[in-house]
Amino acid sequence: MGILQGFSFTIFFTLVAIPLGWVVDRTVRRNLMVVGIALWSLMTICCGLSSTYTELLLARIGVGVGEATLIPASVSMLPDYFPPHQRGRAFGVLSVAAIVGTSGSYFVGGMILRALSGLPLVHFPLLGDLAVWQATFVIVGLPGLVMAVLLMTVREPKRLGEPQTAETASTKSFVTYVKGHPKAFICVWGAYTMTTYVAYCLISWVPQMLERKFGLGPGVPGTMIGIPSSIMGLIACLLTGYLGDRMTLSGKRGGRFRVTTVWAFGMIPALLLTTFGTSPAMAVVGYVLGTFFNSITFGSAYAVTQEIVPPRMRGRAIAAWYIFNSLLANGLGPITPALATEKILGGPEMLPYGILLAAAPAVLLGFIFPWAGMGPFEKARADAAATTSK
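Residues numbered from 1 in each chain as written. Predicted model: local features only at pLDDT ≥ 70, side-chain atom pairs only at ≥ 80, totals over all residues. Heavy atoms only, no water.

**Description of the overall build of the protein**
1) Next: When you go through the protein residue by residue, the secondary structure sums to 16 helices and two strands.
2) Next: The C-alpha atoms of the protein give 21 Å as radius of gyration, which agrees with the globular expectation for 390 residues (21 Å, within 12%).
3) Next: Taking the principal axes of the C-alpha coordinates as reference, the protein spans close to 60 × 50 × 35 Å.
4) Next: Counting across all 390 residues of the protein, residues that qualify as buried make up 53%. (Helix = DSSP H or I, 4+ residues; strand = E, 2+ residues; numbered from the N terminus. Rg over C-alpha atoms; globule rule 2.2 N^0.38 Å. Buried < 20%, exposed > 50% of the residue type's maximum accessible area, 1.4 Å probe, protein only.)

Shown next, in the form of structure tokens:
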């Protein structure tokens, strides 16, 4: 299951990210998003139509390819809609969608499973009779097709900054720019990759931990953590956007990147409550607290990344970070708690401690990267701003 959740998605996401980032910097981003949403929605439905592990794996890969279009395109578009002092809040709202969608998926998925659990099969027109788990994929995939149609009504904004040239459009120019600011990119990407990795450790395994440790039935953990996590994620993303904009306007060293420094301090009690909690309520409180602090970083990650590159490199910058992030966080986050549980701690009953063991080193690195990266971030931000014409 770790492979289905992690590397099946990550490998193809990574392979298409850089080409898509290049396309984002050169084409109509709205249209790219429409295609991506339609593709991953169809692939989600295909997950429900799968009858073998291989078919499910291929459909999961297709979801990754579709999703690879959304973030580079949307993150490139937002700065062209909003001035610099409002971008933190704009990216905070964008991050709300991701947090609410991730947390809400547990609630919605759990509700669908519980609603259909008494049925031997679920009948769909044209598709026939499907098992409950297959029907769940089909149901959650259908709304995305409607969203793809609605997105076609959104206006493509005029790009800010210098016009694209053959030189700025080349991969070599982007690589050269990144090499000119190695510490900034390592610290910024490293900090946000650690926070995402810990989030995937929790998202992937806490529901199963609650089932194993406290004997909760299928779908029950999802309904317990879904709504509270969504609410806390929404609050955190909006709060970090506001604070990031205030710090940028105040001229404090590190600007909105400073927001990331609080993450490690919050994740320590969150992890301890989640894994050592003696009741479902305590563990859920820990998980929701962790969602709050993870969401603080999600709300600033896109805005910070966009501040250290020229406008015409935004698509490639976010795509490059997503490769870095996907390989280490999305790929390893769902797998390392399972490996720690089975290979180091000795059995499935040790899952709470496997989650803690997998996440602890990342929390330490998530503390180091922001503090080490303040100066390099400032230099890269100044260099990027010098190339931007407002």
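Read on for the rest.
**Description of the nonpolar core**
1) Next: In this structure, Val 188, Val 198, Leu 202, Phe 257, Met 267, Tyr 302 and Trp 321 are the most contacted members of the largest nonpolar core, which totals 65 residues.
2) Next: Broken down by element, this core gets its largest block of residues, 16 residues, from helix α10 (residues 182–214).
3) Next: Phe 257 has contacts with Cys 187, Val 188, Ala 191, Tyr 192, Val 304, Pro 370, Gly 373, Met 374 and Phe 377, leaving out every residue within four places of it along the chain.
4) Next: By size, the runner-up hydrophobic cluster in this structure holds 16 residues, among which are Ile 37, Cys 47, Leu 56 and Leu 151. (Core = buried A, V, L, I, M, F, W, Y, C linked by side-chain atoms within 4.5 Å. Contact = heavy atoms within 4.5 Å.)

**Some words on the packing of aromatic side chains**
1) Next: Under the defined criterion, the tally for this structure stands at 12 aromatic pairs.
2) Next: Ring geometry for Tyr 177 against Phe 185: centres 6.3 Å apart, planes inclined by 85°, an arrangement best described as edge-to-face. Taken as a pair, Tyr 177 and Phe 185 share a single burial class, namely buried.
3) Next: An aromatic cluster is built from Phe 91, Tyr 192, Phe 257, Tyr 302, Trp 321 and Phe 377, whose rings are joined through pairwise contacts. (Phe/Tyr/Trp six-rings, centres within 6.5 Å; stacked < 30°, edge-to-face > 60°.)

**A few points about the packing of helix α12 (residues 263–276) against helix α16 (residues 351–386)**
1) Next: It is the contact of α12 with α16, at a shortest axis distance of 10 Å, that shows an interaxial angle of 175°. Classified by the angle their axes make, α12 and α16 are roughly antiparallel. Residues Trp 263, Ala 264, Phe 265, Met 267, Ile 268, Leu 271, Thr 275 and Phe 276 of α12 form the contact with α16, whose participating residues are Pro 352, Tyr 353, Ile 355, Leu 356, Ala 359, Ala 362, Val 363, Gly 366 and Phe 367.
2) Next: Across the contact of α12 with α16, the residue classes break down as 15 nonpolar, two polar and no charged. (Axes fitted to C-alpha atoms, helices over the stretch in contact; angles between N-to-C directions. Parallel < 35°, antiparallel > 145°, perpendicular 65-115°, else oblique. Nonpolar A, V, L, I, M, F, W, Y, C, P; charged D, E, K, R; others polar.)

**Description of the packing of α10 against helix α13 (residues 280–307)**
1) Next: Their axes nearest at 9 Å, the elements α10 and α13 cross at an angle of 155°. Judged by the angle between their axes, α10 and α13 are roughly antiparallel. Considering only the axes of α10 and α13, their crossing is left-handed. Contacts between α10 and α13 involve Val 188, Trp 189, Tyr 192, Thr 195, Thr 196, Ala 199, Leu 202, Ile 203, Val 206, Met 209, Leu 210 and Phe 214 on the former and, on the latter, Pro 280, Ala 283, Val 284, Tyr 287, Asn 294, Thr 297, Phe 298, Ser 300, Ala 301, Val 304 and Thr 305.
2) Next: Residue classes in the contact of α10 with α13 are distributed as 17 nonpolar, six polar and no charged. (Left-handed = near helix turned anticlockwise from the far one by under 90°.)

**Focus on the state of the cysteines**
1) Next: Under the criterion given, the structure shown has zero disulfides.
2) Next: In this structure Cys 47 is a free cysteine whose sulfur lies 7.5 Å from that of Cys 46, the closest cysteine sulfur available.
3) Next: Judged by its relative accessible area of 3%, Cys 47 is buried.
4) Next: Free cysteine: Cys 237, not disulfide-bonded; nearest cysteine sulfur from Cys 201 at 19 Å. (Disulfide = S-S within 2.5 Å.)

**Section: the pattern of salt bridges**
1) Next: Evaluation of the coordinates by the stated rule reveals nine salt bridges.
2) Next: Ionic pairing is found between Asp 80 and Arg 29, a salt bridge with its closest N-O pair at 2.8 Å. Here Arg 29 lies in helix α3 (residues 29–49) and Asp 80 lies in helix α5 (residues 70–81), a separation of 51 residues in the sequence. With respect to class, Asp 80 is no different from Arg 29; both count as buried.
3) Next: For Arg 314, the salt bridge is made with Asp 80, and the minimal N-O distance between the two is 3.0 Å. On the criterion of sequence distance, the pair formed by Arg 314 in helix α14 (residues 314–330) and Asp 80 in helix α5 is long-range, its members being 234 residues apart. (Salt bridge = Lys/Arg side-chain N within 4 Å of Asp/Glu carboxyl O.)

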